[in-house]
Amino acid sequence: MSRKEVALTFAVILIIFMLGFGLRLESTNLTGIPNHEKVYYEDQNGLPYMYDMDSYYNYRLTKNYLNHGYLGDTKLNGTEWDSHSYAPSGVPMDYPPLIVYLTAFIYKFFNLFADMPLMVICFWLPAFIAPIGGVVAYLFVKRFTNEYGAFAAGILTVTAPFYFMRTVPGWFDTDMFNLIFPLLIVWFFMEALKSKDIKMKSIFAFLSAFFMFLFAMAWNGWQYLFYVLVLFSIFYGLFLKVRGKNVKNFLMVALTFFPISAVLIYIFTGFFNVLNFILGPKELLSIFSTNGLWAPWPDVYVLISELQPPSTVDLVSGVGPAVFILGVIGILVIAVVLRSKKLHETYLNQLNWAVFSLLVLWTVTGFLTLIKGIRFLLMVIPPLTIITGLCIGFCADVLEIHSKKTFKRFAMIFILILVALPSFVVINDNLSSLTPRMDDDMWNAGVWIHNNTQNDTVVVASWMYGHFFTAISDRPTSIDGRVAYVETMPVRDYDVAFAFGDKSPSTSREYWIDKAYTTSNETLALGILRMITTNGDAGYLNLDNYTQNNTKTVEILNNILGVDKNTAKKLLIENYGLKPEEADNILKYTHPNTPRPFVIVTDNSMINKGYWTFYFGSWDFNKLNGNCTYSYGTVHETGNVLTTDDGITMDLQTGNLTWNNCVPYSVEVVSNGTLKKDYPDKNSDFFVIINRDTNRSVVLDRQYENSLFSRLVVEKQDTKYFKAVYENKNVIIWESKY
């Protein structure tokens, strides 16, 4: 390369990086929030709170690593253990450590020169790492086509809307790596295929293997790309053999890449990460089973939006409209060029069928992974941007031959703008609705827990906030964002650290918490919460050993957890046929002599998600579904008339109320902290709660009138067994009175 070409390459790299970084800075302005409210979403460093709750998980693990040299909280029998997650038992640490190692290194480096909080490093890191993906895409495509196509690939990578939104400052998660490493892996693998020099083949294959190892250190889903390369190698090797072509050079690439990848992954991430790759397809097939992976327990993963398949609109807008269209069309265009000897001699002559086939297989596999959720758009974006770049490079070559230089330059600038603009529009729209998942109220509640509770206090809160409480309150949680640790399912039967195999962790935890919220038997609710915060899943799993029937186990527990220990023992023996020693074995888990302290955290957002609380809490283990009436709304008062946006109308003078023209069984109105009840129609099957202090309303089945959810979340009233110990505008912390 001449000096001019080197200078141009560096200039383009700088443009791509700075564009990716600069656009991401806009997220720190909280453009979708009114100016007077922005401070409510900013932390003590003057930065927005994290946009993704997993960020707090990664922050906690990094803090652990800086404090004692490993990610877990402690070590049990030589195994790193996370005692904050899935309390009280905790779980073996299985997390890919690269994000922690990199963040810790950068933190230590910067603190050689200045006192910089770890949270600040975590906040800014994604904005610096993610644009590197665009640089790699540019260099990748530049090897196969001209500067225009390479530049387009780089720009479209850093502005791919789904990738962009998950790598803004404050989205401190592994997504920042999920374009960089796949691009490097495939690029060097392709270079190994193309190279005619034996030594260079080995070098490129080794580099590809090394980056595969780093990818395994960065993301638990590294196996998907490994599967792509395995399938490609099998089919390509067979193709060469059938055609009578030289297989020796390809075998050298494969026998360099696969063993080195496997050995490095085994040495640095452990045997179970390799085993996960081998057993992964089995777990994938379980998704398509009739009742799902977690049956007969309800599947809380349906609430995790990133694990739901994308709609067509989500798909197109996520990868970028132009990338989707040109990526798909580009496959056809490139195939036509490669099929024509004449065209191939003129256009894309650095590309061959092997490289193209790998790109197509990568693309198809990426689309198939979308079955597992929208987050797997990150598997689709890299091959589509590469193909789009090749397609634009082809256009530039056509214009080079068939038009004047000046026209070509202006035409290509116009094409680049036309291709990039849709992604910019999508990004701008997304930024306007981007809001931190945390705010001052939740933060202050977390700090209060840290300062005012025992170290072994278990926090019972929505799984959405679990990572926050483990990181900021430094207290264990009954459930968090990793929910049931689905990533570990393939290896649990082979890892002695999972004492109950594939039965724990599980989504049963969500059922028990929601059952406590939905039951009108407050003694039962207290019993459930004591059981899970003191002994976790041990109670129901040990009872399962006797009943051999999940449904029966749940029935028994719902009948004994609401009564004292002696009555419970009598029920187990007389009603369910357990022997005295068997009953005692169960009761030591269900009715602990020394219950562990716990707090319940409720917040106003729980009203919006209340349907799922009652859906899971009312779970029918025979029909495998839940059933409830649930509606919520915002209260509006005009004169003497109160209305809500979900169909409630109330005359404030007479107290008469209807919901969708039907009269409720009871009407509960909270005003200035005081609760008033009326019973207008005792034959009706639903009741209504109006909280005029928070301007929220809820409509529920009448059987849930005295449920813990109604009392704590909607009415915000102390109960017989629970009292509020901390309260701010949106969050209340409750403790048991006994």
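None of the values given here were measured: they were computed from a predicted structure.

Asks: Describe in detail the nonpolar core, supporting the description with residues and values.
Replies: Counting residues in each nonpolar core, the largest one holds 217 residues, and the members touching the most others are Tyr-56, Phe-181, Met-212 and Trp-512. When residues of this core are assigned to their parent elements, the largest contribution, 13 residues, is made by helix α17 (residues 377–402). Filtering out sequence-adjacent residues up to four positions away, Trp-512 remains in contact with Trp-297, Ile-528, Met-531, Ile-532, Tyr-540, Val-554, Leu-557, Asn-558 and Leu-561.

Asks: Provide a residue-level description of the side chain of Ser-233, including the pertinent values.
Replies: Mapped onto the elements, Ser-233 comes out in helix α10 (residues 223–242). Residue Ser-233 is classed as buried on the basis of its relative accessible area, which comes to 8%. Here Leu-229 takes part through its backbone oxygen, which lies 2.8 Å from a polar atom of the side chain of Ser-233. What Ser-233 contacts, discounting residues up to four positions off in sequence, is Phe-189, Phe-250 and Phe-258.

Asks: Got a sec to walk through the sheet that holds strand β2 (residues 79–82)? Specific residues and values, please.
Replies: Strand order in the open sheet made by the 3 strands is β1-β2-β3, with antiparallel pairing throughout. Each of the sheet's edge strands pairs with one partner strand only, and the pair in question is β1 (74–76) and β3 (91–92). Bridge count between β1 and β2: 3 bridges; the pairing is antiparallel. When the bridges of β2 are listed, Thr-74 appears paired with Trp-81.

Asks: How would you sum up the pairing of strand β14 (residues 722–727)? Please name residues and give values.
Replies: Of the pairings in the sheet, the one linking β14 to strand β15 (residues 731–736) comprises 5 bridges and is antiparallel in character. Looking at the pairing, Lys-723 lines up with Glu-735 of β15. With antiparallel pairing between neighbouring strands as the criterion, β14 and β15 make up a hairpin whose turn holds 3 residues.

Asks: Lay out the packing of helix α1 (residues 3–25) against helix α6 (residues 147–158) in plain terms, naming residues and giving numbers.
Replies: Running from N to C, α1 and α6 cross one another at 20°; their axes reach a closest spacing of 9 Å. Judged by the angle between their axes, α1 and α6 are roughly parallel. Where α1 crosses over α6, the handedness of that crossing is right-handed. Every residue of α6 that contacts α1 at Leu-8, Val-12, Ile-15, Ile-16, Leu-19, Gly-20 and Arg-24 is listed here: Glu-147, Phe-151, Gly-154, Ile-155 and Val-158.

Asks: Talk me through the pattern of salt bridges; I want residue IDs and the actual numbers.
Replies: Evaluated as defined, the whole model comprises 18 salt bridges. Between Asp-175 and Arg-375 there is a salt bridge, and its shortest N-O distance comes to 3.1 Å. A residue pair is termed long-range when its members are at least 10 positions apart, and Asp-175 in the loop between α7 (161–165) and α8 (180–194) and Arg-375 in the loop between α16 (353–369) and α17 qualify at 200 residues. The pair Asp-175 / Arg-375 is uniform in exposure class, with both members buried. Exposure remark for Arg-375: the relative accessible area of 10% places this residue in the buried category. Salt bridges here are not isolated pairs; linked through shared partners, they connect Arg-166, Asp-175, Glu-306 and Arg-375.

Asks: So what's going on with the sheet that holds β14? Which residues, and what values?
Replies: Read from one edge of the open sheet, 4 strands run β4-β5-β15-β14, paired in mixed fashion. Lying at the two open borders of the sheet, with one neighbouring strand each, are β4 (458–460) and β14. Averaged over all neighbouring strand pairs, the angle between strand axes comes to 30°, with direction disregarded.

What counts, and where the lines are drawn
- Residues numbered from 1 in each chain as written.
- Predicted model: local features only at pLDDT ≥ 70, side-chain atom pairs only at ≥ 80, totals over all residues.
- Heavy atoms only, no water.
- Core = buried A, V, L, I, M, F, W, Y, C linked by side-chain atoms within 4.5 Å.
- Buried < 20%, exposed > 50% of the residue type's maximum accessible area, 1.4 Å probe, protein only.
- Helix = DSSP H or I, 4+ residues; strand = E, 2+ residues; numbered from the N terminus.
- Contact = heavy atoms within 4.5 Å.
- Polar contact = N/O pair within 3.5 Å; in protein donor to acceptor, adjacent residues only side chain to side chain.
- Pairing = 2+ DSSP bridges.
- Axes fitted to C-alpha atoms, helices over the stretch in contact; angles between N-to-C directions.
- Parallel < 35°, antiparallel > 145°, perpendicular 65-115°, else oblique.
- Left-handed = near helix turned anticlockwise from the far one by under 90°.
- Salt bridge = Lys/Arg side-chain N within 4 Å of Asp/Glu carboxyl O.

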